[in-house]
Amino acid sequence: MKTLLSFASSFRPLLALLLIGLAPPTLWAQANQGPQGVRVRLINVKSDAVPQFEAAIRDLSASLKAQGQPFFHVYQRLLGDNLPSYTLITPDPMFGGDTTNVQLPQDVITRIVATVNGSTLVSVQTYPELSIAGAGLAPPADFLYTRVRVTSPANQQAYVQWQQELAGVLKKAGLKDLRVGRVVVGGNTNTFLRWSFMEKFPGDDGINIDGTIGERDFQRLLARGAALTVASEDYVLRFRKELSFTAAQQ
């Protein structure tokens, strides 16, 4: 079995230490509609090598598409430290994503390696029952707002239950897109992700909290979740459609 982008490094930004590559939720459909997790690689690119990196990633994407891989999604982080930074989302054999027949173009991988300062690889399981999501694998919008939250082992189940309550409130308030996942390999398994897509950045989620539980009770709900976490980070990613693909049958 070949591992997609198997180049390795010791690069560990804060986000990697929180043990997640900011995995975009478009790849994770609801139960029986697609993979229940993905492989995520967070890559820090040399500041003077962005054009070369993107050219190599474009060639890698074309090769994988020609070989029948179901998807290859590339995101670029817009805010935070250690920029430029990219996230690659691919099938993960751990969740049934078959990559056994994929042959990596070694010349392209060599070009990629020459442009990066380091990378971090994790596997992320998704929680459809905690999410508000549409069907399909293709990203529905250009921007992705991601919340990374780390809880303690003792609070992990309580945090899952809290997220279920939060999803219920947000769905009633009109939120159309919320995805939830957890790191299961390659990092702290108490690391959760909560994210949603936006048509523009900065954006407006358009939810009506006042018409559901009210702003005061909503803030109390958020405070309960914050009390269960030990670390947090928020990030915004931009989908790079020209470097990515989703197979037509998906």
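Heads up: the structure comes first, above all this text.
Trainee: Looking at this structure, how should I read unusual backbone geometry?
Mentor: Glycine aside, the phi torsion of most residues is negative, and most peptide linkages are trans. Omega for the peptide link from Leu83 to Pro84 comes to 0°, which places this bond in the cis form. Checked against the element boundaries, Pro84 lands in the loop between strand 2 (71–77) and strand 3 (85–90).

Trainee: Looking at this structure, how should I read the nonpolar core?
Mentor: Generally speaking, a soluble globular protein has its nonpolar side chains buried in company with each other. Core analysis: the largest hydrophobic core is formed by 20 residues, its most contacted members being Phe53, Ile57, Leu60, Leu64, Phe72, Val74 and Ile112. Elements supplying a minimum of two residues to this core: strand 1 (37–45), helix 2 (50–66), strand 2, strand 3 and helix 3 (106–113). The greatest single-element share of this core, amounting to six residues, is contributed by helix 2. Among the nonpolar cores identified, the runner-up in size contains 19 residues, and Trp162, Ile209, Leu221 and Leu228 belong to it.

Trainee: Looking at this model, I keep getting lost on the packing of helix 2 against helix 3. Mind explaining?
Mentor: Helices that pack against each other are described as a pair by the angle of their axes relative to one another and the distance between those axes. One way to put it is that helix 2 packs onto helix 3 with a least axis distance of 9 Å and a crossing angle of 155°. If you check the angle between helix 2 and helix 3, you find them roughly antiparallel. In the packing of helix 2 onto helix 3, the handedness of the crossing is left-handed. From helix 2, Phe53, Ala55, Ala56, Ile57, Asp59 and Leu60 reach across to helix 3, where they touch Val108, Ile109, Arg111 and Ile112. Residue classes in the contact of helix 2 with helix 3 are distributed as eight nonpolar, no polar and two charged.

Trainee: Please clarify how the packing of aromatic side chains should be interpreted in this entry.
Mentor: For any pair of aromatic rings, geometry is given as the distance between the ring centres together with the angle between the planes. In the structure shown here, the tally under the stated rule is seven aromatic pairs. Between Tyr127 and Phe192, the aromatic rings sit 6.3 Å apart at their centres with planes inclined by 45°, giving tilted as the arrangement. Of the two residues, Tyr127 is situated in the loop between strand 4 (116–126) and strand 5 (143–151) and Phe192 in strand 7 (residues 191–198); the sequence distance between them amounts to 65 residues. Consider the rings of Tyr159 and Trp162, whose centres lie 5.3 Å apart with planes at 25°: the pair is stacked. Taken as a pair, Tyr159 and Trp162 lie in helix 4 (residues 156–172) at a separation of three residues, close to a single helical turn. Judged by relative accessible area, Trp162 falls into the buried class, the value being 4%. Chaining the aromatic ring pairs together yields one cluster made of Tyr127, Tyr159, Trp162 and Phe192.

Trainee: What am I meant to see in the side chain of Ser123 here?
Mentor: Looking at the element boundaries, Ser123 is found in strand 4. Looking at Ser123, the relative accessible area reads 8%, which means it is buried. Side-chain polar atoms of Ser123 contact the side chain of Asp92, separated by 2.5 Å. Residues in contact with Ser123, not counting those within four places in the same chain, are Val38, Asp92, Met94, Phe95, Arg182, Val183, Val184 and Val185.

About the criteria used
- Residues numbered from 1 in each chain as written.
- Predicted model: local features only at pLDDT ≥ 70, side-chain atom pairs only at ≥ 80, totals over all residues.
- Heavy atoms only, no water.
- Helix = DSSP H or I, 4+ residues; strand = E, 2+ residues; numbered from the N terminus.
- Core = buried A, V, L, I, M, F, W, Y, C linked by side-chain atoms within 4.5 Å.
- Buried < 20%, exposed > 50% of the residue type's maximum accessible area, 1.4 Å probe, protein only.
- Axes fitted to C-alpha atoms, helices over the stretch in contact; angles between N-to-C directions.
- Parallel < 35°, antiparallel > 145°, perpendicular 65-115°, else oblique.
- Left-handed = near helix turned anticlockwise from the far one by under 90°.
- Contact = heavy atoms within 4.5 Å.
- Nonpolar A, V, L, I, M, F, W, Y, C, P; charged D, E, K, R; others polar.
- Phe/Tyr/Trp six-rings, centres within 6.5 Å; stacked < 30°, edge-to-face > 60°.
- Polar contact = N/O pair within 3.5 Å; in protein donor to acceptor, adjacent residues only side chain to side chain.

Don't take any of this as a statement about function, it's just geometry.
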